[in-house]
Amino acid sequence: DAGITQSPRHKVTETGTPVTLRCHQTENHRYMYWYRQDPGHGLRLIHYSYGVKDTDKGEVSDGYSVSRSKTEDFLLTLESATSSQTSVYFCAISEPRGDYEQYFGPGTRLTVT
Amino acid sequence: RKEVEQDPGPFNVPEGATVAFNCTYSNSASQSFFWYRQDCRKEPKLLMSVYSSGNEDGRFTAQLNRASQYISLLIRDSKLSDSATYLCVVNGLGGGADGLTFGKGTHLIIQP
């Protein structure tokens, strides 16, 4: 299994509070991604990073920000959590070669009450 | 908008049977294709890449038809442990940066 960890694994928070999720990899992969997965929608890209301090928006980026100050860490911040952001969040990594296959972390289950 | 369509199922299949499912994709410029497997409340895991010539990995065979823009997965001699959701994934132009599009998955249940 790829060396990807996510923290926390579960979190319950209140509407309006900021939340930061962490993704940590030991594979030294250049690309990192944050997805959310909701019933009926499949996996949707929130933000991605193609290098340290290089990030870009994905399909559903509103209400989220990211930072990548080191190759191994990619942080996702919900600036002011809303109930619509209750979801399962997955981090993924890949290398910019071959088929660009992605490998996923174990996920964070976030509930916003 | 890029789309990947899959039959959500569930497919209920007796153990030992052969099962096949397809997905279709809309972006004719797509360059690489994958099947991922996702168990309940777990992360997606890469099952196999899919190549134009077709490829096989044990009991699993994947096929790509570029002309008709569909991808298939065949599972032979199905096991109880094959029960999972299978995600069809397509990579578009430019490689991996924002190019992956995921289907919503096909739910497979292998019955004893």
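Per chain, residues are indexed from 1 in the order of the written sequence. Both sets of labels track the order of writing: A upward for chains, 1 upward for ligands. Reporting in this predicted model follows two pLDDT cut-offs: at least 70 for local features of residues, and 80 or more for side-chain atom pairs to be given and counted; totals over whole chains, interfaces and linings ignore these cut-offs and use all residues. The basis for every side-chain value is the complete set of non-hydrogen atoms in the structure, without hydrogens or water.

Caption draft 1: Inspection of the overall build of chain B at higher detail. Looking only at helices and strands, chain B has zero helices and 11 strands in total. Strands are runs of DSSP state E lasting at least two residues, helices are runs of H or I lasting at least four, and both sets are numbered from the N terminus onward. In chain B, the order of α-helices and β-strands from amino to carboxyl end is β-β-β-β-β-β-β-β-β-β-β. Only the C-alpha atoms count toward the radius of gyration. The rule for a globule is 2.2 Å times the residue count to the power 0.38. Here chain B has a C-alpha radius of gyration of 14 Å; the compact-globule value for 112 residues is 13 Å, and the two agree. The proportion of buried residues among the 112 residues of chain B is 46%. Between two residues, a contact is recorded if the distance between any of their heavy atoms is within 4.5 Å. Across chain B, every contact between residues at least 6 apart in sequence was considered, and the portion connecting residues at least 24 apart equals 58%. When charges are counted, Lys and Arg are positive and Asp and Glu negative, with His and the chain ends excluded. The atom standing in for a charge is NZ when the residue is Lys, CZ when it is Arg, CG when it is Asp and CD when it is Glu. Mean positive and mean negative side-chain charge positions of chain B (11 and 11 charges, respectively) differ by 4 Å. Categorising residues by exposure relies on relative accessible area from a 1.4 Å probe, with only protein chains included: less than 20% of the type maximum marks a residue as buried, more than 50% marks it as exposed, and the intermediate range marks it as partly exposed.

Caption draft 2: Main features of the interface of chain A and chain B. Every contact between the two is made by 22 residues of chain A and, on the other side, 23 residues of chain B. What counts as buried area is the accessible surface, traced by a 1.4 Å probe, that two parts surrender upon association, with contributions from both included. Together, the buried faces of chain A and chain B total about 1800 Å²; carbon and sulfur atoms form 55% of this surface. Considering only the surface of chain A that becomes buried against chain B, A:Leu43, A:Asp99 and A:Phe104 emerge as the three largest contributors, covering 28% of it. In the sections that follow, a salt bridge refers to a side-chain nitrogen of Lys or Arg positioned within 4 Å of a carboxyl oxygen of Asp or Glu. Put simply, chain A and chain B have zero salt bridges between them.

Caption draft 3: Highlighting the environment of A:Gly105. In this structure, A:Gly105 sits in the loop between strand E10 (103-104) and strand E11 (108-112). A residue is classified by how much of its surface remains accessible, and A:Gly105, at 0% relative accessible area, is buried. Sequence spacing of A:Gly105 and A:Cys91 is 14 residues, and the spatial spacing of their C-alpha atoms is 5.3 Å. Filtering out sequence-adjacent residues up to four positions away, A:Gly105 remains in contact with A:Ile4, A:Gln6, A:Phe90, A:Cys91 and B:Glu43.

Caption draft 4: Summary view of the sheet that holds strand E1 (residues 4-6) of chain B. All names here are of chain B. By the convention used here, strands pair only if DSSP detects at least 2 bridges between them. Read from one edge of the open sheet, five strands run E1-E3-E8-E7-E6, paired in antiparallel fashion. Both edges of this open sheet fall to E1 and strand E6 (55-57), since each of them pairs with a single strand only. Neighbour to neighbour, the strand axes of the sheet diverge by 20° on average, direction disregarded. As paired strands, E1 and strand E3 (residues 19-25) are joined by three bridges and run antiparallel to one another. Residue pairing across strands places Val4 opposite Tyr25, the latter belonging to E3. Comment: axis = line fitted to C-alpha atoms, over the contacting stretch for helices; angle = value between 0 and 180 degrees taken between N-to-C directions.

Caption draft 5: Representation of the packing of aromatic side chains in the model. Planes of paired rings set the category: under 30 degrees apart is stacked, over 60 is edge-to-face and the rest tilted, where pairs are Phe, Tyr or Trp rings (Trp by its six-membered ring) whose centres lie within 6.5 Å. Applying the stated rule across the entire model yields 17 aromatic pairs over all chains. Residues A:Tyr31 and A:Tyr33 carry aromatic rings whose centres are separated by 6.3 Å and whose planes lie at 80° to one another, so their mutual orientation is edge-to-face. Between A:Tyr35 and B:Phe102 the ring centres are 5.3 Å apart and the planes differ by 80°, which places this aromatic pair in the edge-to-face class. Of this pair, A:Tyr35 sits in strand E4 (residues 31-38) while B:Phe102 sits in strand E10 (residues 100-102), which puts the two residues in different chains. When its relative accessible area of 2% is taken as the criterion, A:Tyr35 is described as buried. What links up through ring pairs into an aromatic cluster is the set A:Tyr31, A:Tyr33, A:Tyr35, A:Tyr48, A:Tyr50, A:Phe90, A:Tyr100, A:Phe104, B:Phe34, B:Tyr36 and B:Phe102.

Caption draft 6: Local environment of the pattern of salt bridges. This structure, assessed with the given rule, holds eight salt bridges over all chains. A:Asp38 is the salt-bridge partner of A:Arg44, the closest N and O atoms lying 2.9 Å from each other. By relative accessible area, which is 16% here, A:Arg44 ends up buried. We classify A:Asp38 as buried; its relative accessible area is 11%. For B:Arg37, the salt bridge is made with B:Asp39, and the minimal N-O distance between the two is 2.8 Å. Among the residues examined, B:Asp39 registers a relative accessible area of 29% and is labelled partly exposed. Residues participating in the shared-partner salt-bridge network are A:Arg22, A:Lys70 and A:Asp73.

Caption draft 7: Quick look at the environment of A:His47. All names here are of chain A. Among the structural elements, His47 can be located in strand E5 (residues 42-51). Spatially, the C-alpha atom of His47 lies 9.8 Å from that of Ser67, the residues being 20 residues apart in sequence. If we skip the residues at most four places from it in the chain, His47 touches Tyr33, Trp34, Asp56, Lys57, Gly58, Ser61, Tyr64, Ser65, Val66 and Phe74. For His47, the side chain forms a polar contact with the main-chain oxygen of Tyr64, separated by 3.1 Å. Polar contacts, as used here, are pairs of N or O atoms within 3.5 Å; protein pairs need one atom able to donate a hydrogen and one able to accept it. Residues neighboring in sequence count only if both atoms are side-chain atoms.

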